[in-house]
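Close look at the chain arrangement
Here are the chains, one letter per residue:
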Amino acid sequence: PARQTSTTDHPPTAMTAAELTLIDNHVVVACTVDEAIQLLDGPDQIASSFGAVREETSTVIRSSRGDCVLERLSERWLPTDQVLTVDGRIGDVAVHAHLTLMPVAHSISNGHVQPGTRIWVHAELGPGSQTRRAARIITAAFTHGLEHLRLKLDRAGLSDAPLSSRNGDGDGLSSTS
C-alpha cells in the first residue's frame, strides 16, 4: 500500500533533487575553528560577513549581481556544531542554505600539523520565476563573503582561494534538472 504523507513529513519547501539549483563554495583559512567562530558568532555576524542585512524576518542579500530579499521561515544556529541553517523563500523560490565550519589540517611542515578551518557555504534553490537571478546573486555574495573571511581570518596568507565554480562555467551554479 502507498504511504500517505502529511505536510509535516514534507513541508511545502521540500524539493526533489531534480528540481534543485545547487550553489557550493568554500575557503580554507589558517586559523582554528575557535578563532573563526569568534568572527562568525551567530546569524547577525555571519550575514554581515557576507554583505547581507538582517531584518526581523528577512535578510537582504546584496552582491555585485544585485540584491534580493530572503524571507526566513526557519533558522537554526548551532554554535557547538559550528553550523547555521536557514530555510526560506526568495519570491516564489524555496531556499535551503547552510554555513558550516570544519577543522582541517591546513598544512604540514617539519612534521607539525598547522590547524585550519574550512568555511563551507551551500544553498539549494527550488524552481521559480527568479531562480537563476537569485542563484547569481547568492553565488556572488558567497564568493565575496568567503574572500572577506579569508582576509580577516587567514593568519598565514596561504589559504585556498574560494572555489568560484563547481561546474566549470564560472557562475558557481549547478543544476540537477
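Look above for the structure.
A short tour of the structure in this document, coming up. (Residues numbered from 1 in each chain as written. Predicted model: local features only at pLDDT ≥ 70, side-chain atom pairs only at ≥ 80, totals over all residues. Heavy atoms only, no water.)

Some points on the packing of aromatic side chains
How two aromatic rings sit relative to each other is given by the distance of their centres and the angle of their planes. To keep things clear, this is the line we draw: Each Phe, Tyr or Trp ring, with Trp reduced to its six-membered ring, pairs with another whose centre is within 6.5 Å; inter-plane angles below 30 degrees give stacked pairs, above 60 give edge-to-face pairs, and intermediate values give tilted ones. Strands are runs of DSSP state E lasting at least two residues, helices are runs of H or I lasting at least four, and both sets are numbered from the N terminus onward. Throughout, exposure labels follow a simple rule: accessible area from a 1.4 Å probe, protein chains only, divided by the maximum for the residue type, with under 20% read as buried, over 50% as exposed, and the rest as partly exposed.
Per the counting criterion, the structure on display carries one aromatic pair. Between Phe-50 and Phe-142 the ring centres are 6.2 Å apart and the planes differ by 75°, which places this aromatic pair in the edge-to-face class. Of this pair, Phe-50 sits in the loop between α2 (43-49) and β2 (53-54) while Phe-142 is found in helix α3 (residues 131-153), placing the two residues 92 residues apart along the sequence. Like Phe-50, the residue Phe-142 is buried in the burial classification.

A look at the pairing of strand β6 (residues 93-109)
For clarity, the cut-off: Paired strands, in this sense, are two strands between which DSSP finds at least two bridges.
For strand β5 (residues 83-90) and β6, the ladder comprises eight bridges, and the chain directions are antiparallel. Residue pairing in the sheet places Asp-87 in a bridge with His-96 of β6. Here β5 folds back onto β6 in antiparallel fashion, the turn holding two residues, of which Gly-91 has a positive phi close to 60°. Bridging between β6 and strand β7 (residues 112-125) involves 14 bridges; their strand directions are antiparallel. Within β7, the position partnered with His-98 by the bridge is His-122.

Brief notes about the pattern of salt bridges
Convention followed: We define a salt bridge as a side-chain nitrogen of Lys or Arg found within 4 Å of a carboxyl oxygen belonging to Asp or Glu.
In total, this model carries five salt bridges according to the counting rule given. Arg-62 serves as the salt-bridge partner of Asp-67, at 3.7 Å between the closest nitrogen and oxygen. Residue Arg-150 pairs with Glu-147 through a salt bridge whose shortest N-O separation is 2.6 Å. One end of the pair is Arg-150 and the other is Glu-147, both in helix α3 and three residues apart, which spans about a single turn. Residues joined in a network through salt bridges with shared partners are Asp-44, Arg-54, Arg-72 and Glu-75.

As for the side chain of Asp-154
Using the following cut-off: Counted as positive: Lys and Arg. Counted as negative: Asp and Glu, with His and the chain ends omitted from the count. Identification of polar contacts relies on pairs of N or O atoms within 3.5 Å, with a donor-acceptor requirement for protein atoms, meaning one able to donate a hydrogen and the other able to accept it, and with residues adjacent in sequence counted only if both atoms are side-chain atoms.
Here Asp-154 is to be found in the loop between α3 and β8 (173-175). Buried within the structure, Asp-154 lacks any salt-bridge partner; Arg-150 is the closest side chain of opposite charge, at an N-O distance of 4.5 Å. For Asp-154, the side chain forms a polar contact with the main-chain nitrogen of Ala-30, separated by 2.8 Å.

Structural notes on unusual backbone geometry
Located in the positive-phi region is Gln-82, a residue other than glycine, with phi close to 55°. With respect to the helices and strands, the residue Gln-82 is situated in the loop between β4 (66-78) and β5.

Digging into the nonpolar core
Generally speaking, nonpolar side chains in soluble globular proteins are found buried as a group. As a reminder of what qualifies: Here, nonpolar core means buried Ala, Val, Leu, Ile, Met, Phe, Trp, Tyr and Cys residues that are tied together by side-chain atoms lying within 4.5 Å of each other. Working rule for contacts: check all heavy atoms of both residues, and any pair within 4.5 Å makes them a contact.
Judged by nonpolar contacts, the single largest core of 34 residues is most densely connected at Phe-50, Ile-61, Ile-90, Leu-101, Ile-119, Leu-125 and Ile-138. Among the secondary structure elements, those contributing two or more residues to this core are β1 (21-29), α1 (33-39), β4, β5, β6, β7 and α3. Element by element, the count of residues in this core is highest for α3, at nine residues. Setting aside residues no more than four positions away along its own chain, Ile-90 makes contact with Ile-61, Cys-68, Val-69, Leu-70, Val-95, Ala-134 and Ile-138.

Some words on the side chain of Thr-59
For Thr-59, the location among the structural elements is in strand β3 (residues 58-63). A polar contact is formed between the side chain of Thr-59 and the side chain of Arg-72, at a distance of 2.7 Å. Discounting chain neighbours no more than four positions away, the residues touching Thr-59 are Ala-52, Val-53, Arg-54, Cys-68, Val-69, Leu-70 and Arg-72.

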